[in-house]
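So you can see what is in the structure, the chains are spelled out below.
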Amino acid sequence: MTASRAVLGGWRSFAVGAAAVCLVPPALLGPPGALLVAVSALLVVVVPLLRWPWGRATGSAAALAAMAVSLLTDVLYAGRPGLALLWMPFECAGLLILTGRLVRYTRSRYLLPAGLLAVLTTLALPLRFTLRKPGSGADDVMIIVLVTLLPVVCAAGIGSYLRSADDRRRRAVLRARREHRLQMARVLHDSVAHEVTGMVLDVQVAQVAPQDPGESRALLSRVEEAGLRALDSMGRALQTLRRAEEVREDAGARSPRIRRPGCTAWRICPNWSAGSPGPVRPQPHLTWTARSPGRCRERSTRPRTSWCWRR
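Residues numbered from 1 in each chain as written. Predicted model: local features only at pLDDT ≥ 70, side-chain atom pairs only at ≥ 80, totals over all residues. Heavy atoms only, no water.

Caption draft 1: The arrangement of the overall build of the protein chain in detail. Helix and strand counts for the protein chain come out as 8 helices and 2 strands. Each helix and strand of the protein chain, placed in order from N terminus to C terminus, yields the pattern α-α-α-α-α-α-α-α-β-β. Out of the 311 residues in the protein chain, the part that is buried amounts to 35%. Relative to all contacts within the protein chain whose residues are 6 or more apart in sequence, the contacts with residues 24 or more apart total 76%. Surface exposure of the protein chain reaches about 18,600 Å², of which carbon and sulfur atoms provide 64%. (Helix = DSSP H or I, 4+ residues; strand = E, 2+ residues; numbered from the N terminus. Buried < 20%, exposed > 50% of the residue type's maximum accessible area, 1.4 Å probe, protein only. Contact = heavy atoms within 4.5 Å. Areas by Shrake-Rupley, 256 points an atom, 1.4 Å probe, with all protein chains shown as cover.)

Caption draft 2: Main features of the packing of helix H3 (residues 59-76) against helix H4 (residues 88-105). Here H3 crosses H4 at 140 degrees, and the two axes come no closer than 10 Å. Of the two possible hands of crossing, H3 and H4 adopt the one that is left-handed. Every residue of H4 that contacts H3 at Ser60, Ala63, Leu64, Ala66, Met67 and Ser70 is listed here: Glu91, Leu95, Leu98, Thr99 and Leu102. Classifying every residue of the contact of H3 with H4 gives 7 nonpolar, 3 polar and 1 charged. (Axes fitted to C-alpha atoms, helices over the stretch in contact; angles between N-to-C directions. Left-handed = near helix turned anticlockwise from the far one by under 90°. Nonpolar A, V, L, I, M, F, W, Y, C, P; charged D, E, K, R; others polar.)

Caption draft 3: Region of interest: the nonpolar core. Ranked by size, the top nonpolar core spans 35 residues in total, and within it Leu23, Val47, Met67, Trp87 and Leu98 carry the most contacts. For this core, the elements supplying multiple residues, two or more each, are helix H1 (2-29), helix H2 (32-49), H3, H4, helix H5 (108-124) and helix H7 (138-208). Looking at which element gives the most residues to this core, the answer is H2, with 10 residues. Those residues in contact with Leu23 that lie beyond four places of it in its chain are Ala38, Ala41, Leu42, Val45, Trp87 and Phe90. (Core = buried A, V, L, I, M, F, W, Y, C linked by side-chain atoms within 4.5 Å.)

Caption draft 4: How the structure looks around the confidence of the model for the protein chain. Here the protein chain shows a mean pLDDT of 76. Residues at 70 or above account for 75%. Taking the mean pLDDT of every element in the protein chain, the minimum, 35, falls on strand S1 (residues 263-267) and the maximum, 94, on H4. Low confidence marks residues 253-311, where pLDDT is under 50. Its contacts with residues over four positions away, or in another chain, come to 126 contacts. (pLDDT = per-residue confidence, 0-100.)

Caption draft 5: Molecular detail of the pattern of salt bridges. The final tally for this structure, using the stated rule, is 5 salt bridges. Between Arg169 and Asp166 there is a salt bridge, and its shortest N-O distance comes to 2.4 Å. Taken as a pair, Arg169 and Asp166 lie in helix H7 at a separation of 3 residues, close to a single helical turn. Taking relative accessible area as the criterion, Arg169 reaches 34% and is therefore assigned partly exposed. For Asp166, a relative accessible area of 2% gives the class buried. (Salt bridge = Lys/Arg side-chain N within 4 Å of Asp/Glu carboxyl O.)

Caption draft 6: Main features of H3. Across its 18 residues, H3 extends 26 Å between first and last C-alpha, which sits within 8% of the 26 Å expected from 1.5 Å per residue. Considered for burial, the residues of H3 that qualify are Gly59, Ser60, Ala62, Ala63, Ala66, Met67, Ser70, Thr73 and Asp74. Along the axis of H3, the buried residues cluster in a sector spanning 170 degrees; they form a single face. Those residues of H3 that are exposed and aimed more than 90 degrees away from the buried face are Val75 and Leu76. Next to the buried residues of H3 lie H2, H4, H5 and helix H6 (127-130). (Expected span 1.5 Å × (residues − 1). Arc of directions from axis to C-beta.)

Caption draft 7: Molecular detail of the packing of H2 against H3. Where H2 contacts H3, the two axes come as close as 9 Å, and the packing angle between them is 160 degrees. Classified by the interaxial angle, the pair formed by H2 and H3 is roughly antiparallel. At the point where H2 passes H3, the crossing takes the left-handed sense. Each of Leu36, Val37, Ser40, Leu43, Val44 and Val47 in H2 lies in contact with H3, whose residues at this interface are Ala62, Ala63, Ala66, Val69, Ser70, Thr73 and Leu76. Here the contact of H2 with H3 is built from residues that sort into 10 nonpolar, 3 polar and no charged. (Parallel < 35°, antiparallel > 145°, perpendicular 65-115°, else oblique.)

Caption draft 8: Here's a closer look at the side chain of Glu91. Relative to the elements of secondary structure, Glu91 occurs in helix H4. Judged by relative accessible area, Glu91 falls into the buried class, the value being 0%. Separated by 2.9 Å, the side chains of Glu91 and Ser40 make a polar contact. At a separation of 2.7 Å, a polar atom in the side chain of Glu91 contacts the side chain of Ser70. (Polar contact = N/O pair within 3.5 Å; in protein donor to acceptor, adjacent residues only side chain to side chain.)

Caption draft 9: Up close: the side chain of Thr122. Here Thr122 shows up in helix H5. Beyond its immediate sequence surroundings of up to four residues, Thr122 is in contact with Leu95, Leu96, Thr99, Thr148 and Val152.

Caption draft 10: Region of the structure containing H7. Between its terminal C-alpha atoms H7 stretches 99 Å, which fits the 105 Å expected from 71 residues at 1.5 Å a residue. Residue Ala193 marks the point of greatest curvature in H7, where the axis turns by about 30 degrees. (Bend = angle between axes of the 7 residues up to and from the residue.)

Caption draft 11: A positive patch on the surface, seen in detail. A cluster of basic side chains, namely Arg168, Arg171, Arg175, Arg178 and Arg181, defines a positive patch on the protein surface. Inspection of the secondary structure puts Arg175 in helix H7. (Patch = residues over 30% accessible without salt bridge, like charges linked within 9 Å, V, L, I, M, F, W, Y side chains within 5 Å. Lys, Arg positive; Asp, Glu negative; His and termini not counted. Charge placed at Lys NZ, Arg CZ, Asp CG, Glu CD.)

Written out as C-alpha cells, the structure reads:
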C-alpha cells in the first residue's frame, strides 16, 4: 500500500508539472491578458490532480476557489477573443471534473449552492469567447450554452451516481458493523457471562456453607476452570476483532470516510492468560486497549469526523 501511494504521489507531481509546462509558457509569450487566462486554466486543472485535504484546505474549498477564479477571469478578461480558445479546452475539462466531484463529495446542506456554482461556472466559460466575438448575437449565445449544458449534465449525473454508490456502501458497512457488534454481544453473554455467573454462585455457596479442605480445593478448581474458559472465550473474541480490523484496513483503504457517532467504549486488559492475543487497534464502537495490566475501566469517546477526498 505504501509503494502504491508513493507511485500515485509521483504521478500526481508529474501531472501537475506537465500541466504547468503546457499552460504557462505560451501565456508568457503572448499578450498581457493571456497570463490571466492561463493562470485560471492552470488552477482549474491542478485542483483535481492534487490530494486533499492539504493542511486545513479541503477539496470542496479548493474547487470552489478555482471556480471563483474562473468566473472572475470571465469578467476581467479584456484580450482578444480568439486568444481564450487556446486554454479553454483544458479549463473546460477541469471544470467538468470539479463539477462531478463536488456533486459526489459535498455535504448535503451545501450540495445545492455548490452544484449551482459549478454549473454556472462551466456554462459561463464558453461565453468568455462568444460574448467578445464581433457579430455574435443571442442565437450564438443560446447555441453555445445548450452545447455546453450536455457535458455538464453528464458530469453531474456521474457525480450523483457515485454519491449514491458511496451512500449504499456506507450503509452496508454500518449494517455489517452493527451485526458484528450484536454477534459479539451474544458471544459475551452466552459464554463469558455464563462462566462468570457460575463462578459467583460457587463463591456464594462457599461463603454460606462451611466446607472441608477437600471441598474447598474442588471449589477453587472449578472457579479456576470457569475463569480460564471465560478468558479463552474473551481471547477468541479479541482475535476475531483484530482479524476483522485487519481485513477492513486491507479491503477498505480507499473507501470514503464514514461518519460515526460517539459511543461508550469498553477498555479491557489484555493480560488474562497465556493464550490471550494481546491489545489490538481501537475499534469504532469497541475499543480494546490497556492502561496497565490488571486494570480495566470504561470511557466515553467521540471519534472526530471530517470530510475529504480519498484517492
